[in-house]
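# Structure at a glance
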Amino acid sequence: VQLQASGGGLVQAGGSLRLSCAASGLTFSRYTTGWFRQAPGKEREFVAAIRSSGGNTYYADSVKGRVTISRDNAKNTVFLQINSLKPEDTAVYYCAAGAGIILTTLRTIRAYDYWGQGTLVTVSS
């Protein structure tokens with residue numbers, strides 16, 4: 001199984017980025033997928049998740065209203081659109097996939113079975 005995240009980069013505050021995560025080696029349409037991020041010196045934290053069908057999405061309070069998660073099961077890809085970027089959004093963003101995730105664990109690292117390598121987002125002020 002491989003999850004390949006891309007789309008990170010250096011952007012000015014107020015700008016936007018669209019992250020992508022391409023999955024292979026698994027039946028992608030059966031997995032809940034999520035995005036987490038880890039800022040320097042901080043723990044990895046939940047950003048957003050989307051159910052296998054794409055019908056339900058979940059967001060961290062810190063990004064709600066600025067972030068949209070979506071997926072294209074035909075292309076085995078999940079996306080994270082981040083708008084109105086802030087310096088505090090600077091982090092390595094990781095995509096993850098998990099099967100059979102229940103709602104109470106959706107926002108936890110341990111719920112996910114597979115992880116990508118991460119893509120760095122740097123927001124300058």
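Let me begin by describing the structure that accompanies this report. (Residues numbered from 1 in each chain as written. Predicted model: local features only at pLDDT ≥ 70, side-chain atom pairs only at ≥ 80, totals over all residues. Heavy atoms only, no water.)

### Observations regarding the pattern of salt bridges
To be explicit about the condition: By salt bridge we mean one thing: a side-chain nitrogen of Lys or Arg within 4 Å of a carboxyl oxygen of Asp or Glu. Helix and strand definitions here come from DSSP, where helices need a minimum of 4 consecutive H or I residues and strands a minimum of 2 consecutive E residues; each element is numbered from the N-terminal end. Using a 1.4 Å probe on the protein chains alone, a residue whose accessible area is under 20% of its type maximum counts as buried, one over 50% counts as exposed, and one in between counts as partly exposed.
Scanning the entire structure with this criterion turns up four salt bridges. Asp61 is the partner of Lys64 in a salt bridge, and the nearest nitrogen-oxygen pair spans 3.3 Å. Among the salt bridges present, the one from Arg66 reaches Asp89, with a minimum N-O distance of 2.8 Å. Linking Arg66 in the loop between β6 (57-59) and β7 (67-72) with Asp89 in the loop between β8 (77-82) and β9 (91-98), this pair joins segments that are 23 residues apart in sequence. By relative accessible area, which is 11% here, Arg66 ends up buried. Residue classification places Asp89 among the buried positions, given a relative accessible area of 1%.

### Re the nonpolar core
Threshold: Grouping buried Ala, Val, Leu, Ile, Met, Phe, Trp, Tyr and Cys residues that are joined through side-chain atoms within 4.5 Å yields what is termed a nonpolar core. Throughout, a contact is declared for two residues whenever any of their heavy atoms are within 4.5 Å.
Grouped together as the largest cluster of nonpolar side chains are 39 residues, with contacts concentrated most on Trp35, Val47, Val67, Ile69, Leu80, Tyr93 and Tyr112. For Val67, the residues in contact, after removing those within four places along its chain, are Val47, Ala48, Tyr59, Leu80, Gln81 and Ile82.

### Here's the deal with the sheet that holds β7
So the rule is basically this: One requirement defines pairing of two strands: DSSP has to find at least two bridges between them. Angles run from 0 to 180 degrees between N-to-C directions of axes, and those axes are lines fitted to C-alpha atoms, restricted for helices to the stretch in contact.
In space, the four strands of this open sheet follow the order β1-β3-β8-β7, with antiparallel pairing throughout. Each having just a single partner strand, β1 (2-6) and β7 make up the two edges of the open sheet. Within this sheet the neighbouring strands show an average axis-to-axis angle of 15°, counted without direction. Two elements, strand β3 (residues 17-24) and β8, share six bridges in a ladder whose sense is antiparallel.

### Quick look at the environment of Gln2
Here Gln2 is to be found in strand β1. When sequence neighbours within four positions are dropped, the list of residues in contact with Gln2 reads Ala22, Ala23 and Ser24.

### A short note on the pairing of β3
Where β1 and β3 come together, five bridges link them in antiparallel fashion. Directly across from Ser6, in β3, lies its bridge partner Ser20.

### Examining the packing of aromatic side chains
Definition in use: The rule is short: rings of Phe, Tyr and Trp, with Trp giving its six-membered ring, pair when the centres are within 6.5 Å, and they are stacked under 30 degrees, edge-to-face over 60, tilted in between. Charges are assigned to positions over rings by a cutoff of 6 Å between ring centre and Lys NZ or Arg CZ, combined with an angular limit of 35 degrees from the ring normal.
Counted according to the given criterion, the structure contains five aromatic pairs. The interplanar angle of 75° and the centroid separation of 5.6 Å between the aromatic rings of Phe36 and Phe46 together place this pair among those described as edge-to-face. You can see Phe36 sitting in strand β4 (residues 32-38) and its partner Phe46 sitting in strand β5 (residues 45-50), a full ten residues away along the chain. Of the residues examined, Phe36 reaches a relative accessible area of 0% and is grouped as buried. Where Tyr112 meets Trp115, the ring centres are 6.1 Å apart and the plane angle is 65°; that geometry is what we call edge-to-face. A cation sits over an aromatic face here: Arg44 above Tyr94, 3.6 Å from the ring centre. Between Arg44 and the ring centre of Trp115, over which it is positioned, the NZ or CZ distance is 5.1 Å.

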